[in-house]
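Survey of secondary and tertiary structure
These are the residues of each chain, in order.
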Amino acid sequence: MSAADRAPRAAAPRSGTAGGLTIAEVAAATGTSAHTLRYYERIGLIRSVSRARSGHRRYGPDDVRWVEFLRKLHATGMPIRRMLAYAALVRRGDGTISERRALLEAHRDDVAAKLAEQQAHLAIIEKKVSLYLDLEQQSARKRAS
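With that out of the way, let us pick up the pattern of salt bridges. Counting across every chain of the model gives 8 salt bridges. In this structure, E41 engages R57 in a salt bridge whose closest nitrogen and oxygen atoms are separated by 2.6 Å. On the criterion of sequence distance, the pair formed by E41 in helix 3 (residues 34-43) and R57 in strand 2 (residues 57-58) is long-range, its members being 16 residues apart. We classify R57 as buried; its relative accessible area is 18%. Two residues, R65 and D62, come together in a salt bridge whose shortest N-O distance is 2.4 Å. Placement of both R65 and D62 in helix 4 (residues 61-75) is noted, with a separation of 3 residues, approximately one turn of the helix. On the basis of relative accessibility, which here comes to 17%, the residue D62 falls in the buried class. Put simply, E41, R51 and R57 are held in one network by salt bridges that share partners.

Given below as structure tokens:
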């Protein structure tokens with residue numbers, strides 16, 4: 001089994017099961033709204049989901065794993081356009097593994113840069129908090145004497 005085969009089944013966003021989970025169940029299980037699931041399907045982030053005879057969506061385990069992976073990408077701040085590019089590469093198959101890695105590396109670099117910026121901002125806040133603590137302690141000592 002190759003490393004690509006061991007990757008989260010985000011690489012296979014179709015389950016093919018007719019008796020799967022409803023949109024409400026997937027929304028609850030993944031922390032994604034039904035509206036977002038429909039939107040992701042409409043723009044092509046999620047392939048067309050299997051339907052019951054009633055026409056209601058039925059999600060399989062692969063679909064759920066794919067949605068969970070999309071949620072993680074979204075949580076890292078990945079833009080929808082980059083998520084769409086990633087999904088398109090996944091659908092093209094294992095021949096795109098290097099391109100997927102490069103896309104994720106570029107996103108990783110973006111996240112690391114934002115994290116470094118936030119750490120610098122946090123350092124400024126910590127310095128200011130420390131200054132105020134010192135001022136409060138000085139004020140308390142003056143009152144006590």
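Confidence in the prediction for the protein chain averages 89 pLDDT; 88% of positions are at 70 or higher. Contacts from residues 1-17, a stretch scored under 50 in pLDDT, to residues over four places away or in other chains number 35 contacts.

Among soluble globular proteins, nonpolar side chains are generally buried collectively. Ranked by size, the top nonpolar core spans 22 residues in total, and within it L37, I46, W66, L70, M83 and Y86 carry the most contacts. Among the elements that make up this core, the one with the highest residue count is helix 4 (6 residues). When neighbours within four sequence positions are excluded, Y86 is seen to be in contact with W66, F69, L73, R100, L103 and L104.

Turning next to the packing of helix 5 (residues 80-92) against helix 6 (residues 97-144). Taken N-terminus to C-terminus, the directions of helix 5 and helix 6 make an angle of 160°; their axes are 9 Å apart at the nearest point. With respect to each other, helix 5 and helix 6 are oriented roughly antiparallel. Crossing angle aside, the handedness with which helix 5 passes helix 6 is left-handed. Contacts from R82, A85, Y86, L89, V90 and R92 of helix 5 reach helix 6 at E99, R100, L103, L104, A106, H107 and D110. Residues belonging to the contact of helix 5 with helix 6 are distributed by class as follows: 7 nonpolar, 1 polar and 5 charged.

If you walk through the whole model with that rule in mind, you get 4 aromatic pairs. Ring geometry for Y39 and Y40: centres 6.2 Å apart, planes at 45°, overall tilted. The exposure class assigned to Y39 is partly exposed, which follows from its relative accessible area of 29%. Y40 gets classed as buried once you look at its relative accessible area, which sits at 5%. Ring centres 6.4 Å apart and planes at 15° place the aromatic pair W66 and Y86 in the stacked group. With W66 in helix 4 and Y86 in helix 5, the pair connects residues that are 20 residues apart, well separated along the chain. You'll find W66 and Y86 in the same group, each marked buried. Here the aromatic cluster, defined as three or more aromatic residues joined through ring pairs, consists of W66, F69 and Y86.

Scoring rules and cut-offs
- Here, residues in each chain are numbered from 1, in the same order as that chain's written sequence.
- Given that the model is predicted, a residue must reach a pLDDT of at least 70 before its local features are reported, and side-chain atom pairs must reach 80 or more before they are shown or counted; all residues, however, enter totals for whole chains, interfaces and linings.
- To obtain the side-chain values, all non-hydrogen atoms of the structure were used and water was disregarded.
- Here a salt bridge means any side-chain nitrogen of Lys or Arg lying within 4 Å of a carboxyl oxygen belonging to Asp or Glu.
- Here a helix means four or more residues in a row that DSSP labels H or I, a strand means two or more in a row labelled E, and each is numbered from the N terminus.
- Burial classes: relative accessible area under 20% of the type maximum marks a residue as buried, over 50% as exposed, and values in between as partly exposed (1.4 Å probe, protein chains only).
- Every residue gets a pLDDT, meaning the predictor's confidence in that residue, from 0 to 100.
- Residue contacts are defined here by distance: any two heavy atoms, one from each residue, within 4.5 Å place the two residues in contact.
- Buried residues of nine kinds, namely Ala, Val, Leu, Ile, Met, Phe, Trp, Tyr and Cys, make up a nonpolar core once their side-chain atoms join them within 4.5 Å.
- Axis definition: a line fit to C-alpha positions, over the contact stretch in the case of helices; interaxial angles, taken between N-to-C directions, run 0 to 180 degrees.
- Roughly parallel refers to an angle under 35 degrees, roughly antiparallel to one over 145, roughly perpendicular to one between 65 and 115, and oblique to any angle outside these ranges.
- Each crossing gets its hand from how the near helix is turned against the far one by less than a right angle, where anticlockwise is left-handed and clockwise is right-handed.
- Residue polarity is assigned by list, with Asp, Glu, Lys and Arg as charged and Ala, Val, Leu, Ile, Met, Phe, Trp, Tyr, Cys and Pro as nonpolar; anything else, Gly included, falls into the polar class.
- Aromatic pairs are defined between Phe, Tyr and Trp rings, using the six-membered ring for Trp, whenever the two ring centres lie within 6.5 Å; interplanar angles under 30 degrees are classed as stacked, those over 60 as edge-to-face, and all others as tilted.

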